[in-house]
Amino acid sequence: MGGNSSKLPDSYNIVIIGGGFAGCEFAMKLKEKSNKFTLIDGKEAMHINTGALRASVEASFAKKTLISYKEMFGDNFKHGVVRAIDTNAKTVTLVAGDEVVTYTHLVIATGSVGLFPAKLMMTTSTADALLLYRKQVEEIRGAKSIVIIGGGAVGVELAGEIATDYKDKQVTIIHPHHFLVSGTMSERFQKEVKEQLKILNVKLILGERVMNTEIETELAIRCTGLTANKFAYAATMGDKMTIKGQLKVNEYFQVEGCENVYAIGDCNNVDETKMAYRAGQHADLLLDNLVKESEEKEKTPYKPGGTMMLLSIGREGGVFHLPNGFIFGSFPTRHLKSKDVFVGKYWKESGLKCPQD
Ligand SMILES: Cc1cc2nc3c(=O)[nH]c(=O)nc-3n(C[C@H](O)[C@H](O)[C@H](O)COP(=O)(O)OP(=O)(O)OC[C@H]3O[C@@H](n4cnc5c(N)ncnc54)[C@H](O)[C@@H]3O)c2cc1C
């Protein structure tokens, strides 16, 4: 490790694009090593999207999923959307007024885009986010039957939230595959997830696509895949992207051929399931390596590991999948995740107080 007390040289001027799990973790730790950095995000608050689905059923929960960047980072936060990066001039350009920000080191942490309620758009204000979730809670409360389109982790977690809080609603998941969550998860994991959904009376239509199937329902919610958010870099760094829009990085998260430019979290092409805890690991290792590099010490390469997943199924249930394939059921999963879907952890790390009900 670079040594927790080590500072970065005063000549470093680090710009971070994106304040999700990767960018915020990086900036929170960076605060201890330098005061010369800028975190740029189009939103006003970090969205703890692990809590997005609880916020879709519990009216007072949404405010717990949004942590103000201004309160976390003060004047080191710049509100805006990056539309271009010039790695030769070492600048990023914002949409508003074509404002240009210079850097010595650039950390791209632009994450992924997906549909509401799982994700917010990168320009959604905090007030609008709270309104959107309030509306979603009301729509779910008012519908007797709800179809969830997509049985990935997001679709399964949303079904779990609704079916736990509303025993009287018919919740159906329609999914094109015969497995749920991901084809990489073990048979035992699949069996446990399906059993818990069955106990909650969630109906599964597997191996079917919506366009081939007719179902009558009062409300349909799309929970389909997430893709890399390439808006900041697509225009000028197209040759550094994979076909999926992720930035190609080496084992130190350096973007292919770009000196002092790094990509961490969901927007890089590290071959692993994209997860918040992984985004945090990328951030920690990158910062340690920047310190090591400034001290001319040997850097540590990143090694992707197997998949660890805590899948919550409502407030009480869930399945915990370890990288060695072992699984555990509701009790540890409730304790580790389902009870507050990680919002407490991120508020604690921010040093701020989580709003109460
Ligand atoms: C509903 C849901 C539940 C999940 N549950 C879990 C879980 O339990 N455990 C787990 O480990 N993972 C979970 N994940 C996955 C996890 O949320 C992602 O892996 C994580 O969000 C990745 O973090 P990130 O910082 O890379 O990107 P993001 O969280 O997507 O953040 C990217 C940030 O960059 C900003 N941004 C993007 N482009 C620009 C631009 N051009 N200019 C300015 N700002 C920009 C965005 O506004 C955003 O704030 C879940 C995902 C979802 C959707």
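Residues numbered from 1 in each chain as written. Predicted model: local features only at pLDDT ≥ 70, side-chain atom pairs only at ≥ 80, totals over all residues.

A. Examining the overall build of the chain more closely. When helices and strands are counted, the chain shows eight helices and 19 strands. Each of the three principal axes of the chain carries a C-alpha extent, and together these read 60 × 40 × 40 Å. Taking all 357 residues of the chain together, the buried fraction comes to 43%. Long-range pairs, those at least 24 residues apart, make up 64% of the contacts in the chain with a sequence separation of at least 6. (Helix = DSSP H or I, 4+ residues; strand = E, 2+ residues; numbered from the N terminus. Buried ≥ 20, exposed ≤ 12 C-beta atoms within 10 Å, placed from the backbone. Contact = placed C-beta atoms within 7 Å.)

B. Expanded view of the site of the ligand. Neighbouring residues of the ligand: 37 residues in total, closest G18, G20, G111, G265 and M275. Sorting the residues of the shell around the ligand by element identifies helix 1 (21–30), strand 2 (37–41) and helix 6 (276–294) as the ones contributing at least two each. Residues that form the shell around the ligand fall into these classes: 19 nonpolar, 13 polar and five charged. (Near = placed C-beta within 6 Å. Nonpolar A, V, L, I, M, F, W, Y, C, P; charged D, E, K, R; others polar.)

C. Quick peek at helix 3 (residues 126–142). If you check helix 3, its first and last C-alpha atoms are 24 Å apart, about what 17 residues at 1.5 Å a residue would give, namely 24 Å. Restricting attention to buried positions, one finds in helix 3 the residues A129, Y133, Q136, V137 and I140. Taken end-on, helix 3 shows its buried residues confined to a sector of 100°, consistent with a single buried face. What points out from helix 3, more than 90 degrees from its buried face, is the exposed set A127, E138 and G142. Buried residues in helix 3 make contact with strand 4 (66–68), strand 11 (145–149), helix 4 (153–165) and strand 14 (219–222). (Expected span 1.5 Å × (residues − 1). Arc of directions from axis to C-beta.)

D. Focus on helix 6. Taking 1.5 Å per residue, 19 residues should reach 27 Å; helix 6 reaches 27 Å between its end C-alpha atoms and fits that length. Note on helix 6: the residue one or two positions beyond its end, E296, has a positive phi of about 55°.

E. Focus on the pairing of strand 18 (residues 317–321). In terms of burial, strand 18 is a largely internal element, five of the five residues being buried. Alternating positions in strand 18 separate into two faces, G317, V319 and H321 on one and G318 and F320 on the other, with burial throughout. Two elements, strand 17 (residues 309–313) and strand 18, share five bridges in a ladder whose sense is antiparallel. When the sheet's bridge partners are listed, L311 is paired in strand 18 with V319. As consecutive antiparallel partners, strand 17 and strand 18 are separated by three residues, and within that stretch G314 has a phi angle of approximately 75°, a positive value. (Pairing = 2+ DSSP bridges.)

F. Focus on the nonpolar core. Judged by nonpolar contacts, the single largest core of 100 residues is most densely connected at I16, F26, I108 and I264. Of the residues forming this core, the biggest block, eight residues, is contributed by helix 6. When residues of this core are assigned to domains, at least three map to each of domain 1 (14–119 + 226–294) and domain 2 (126–225 + 307–350). Excluding residues within four positions of it along the chain, I16 makes contact with G23, F26, A27, F37, L39, I40, V107 and A109. (Core = buried A, V, L, I, M, F, W, Y, C linked by C-beta atoms within 7 Å. Domains from an automatic or database assignment.)

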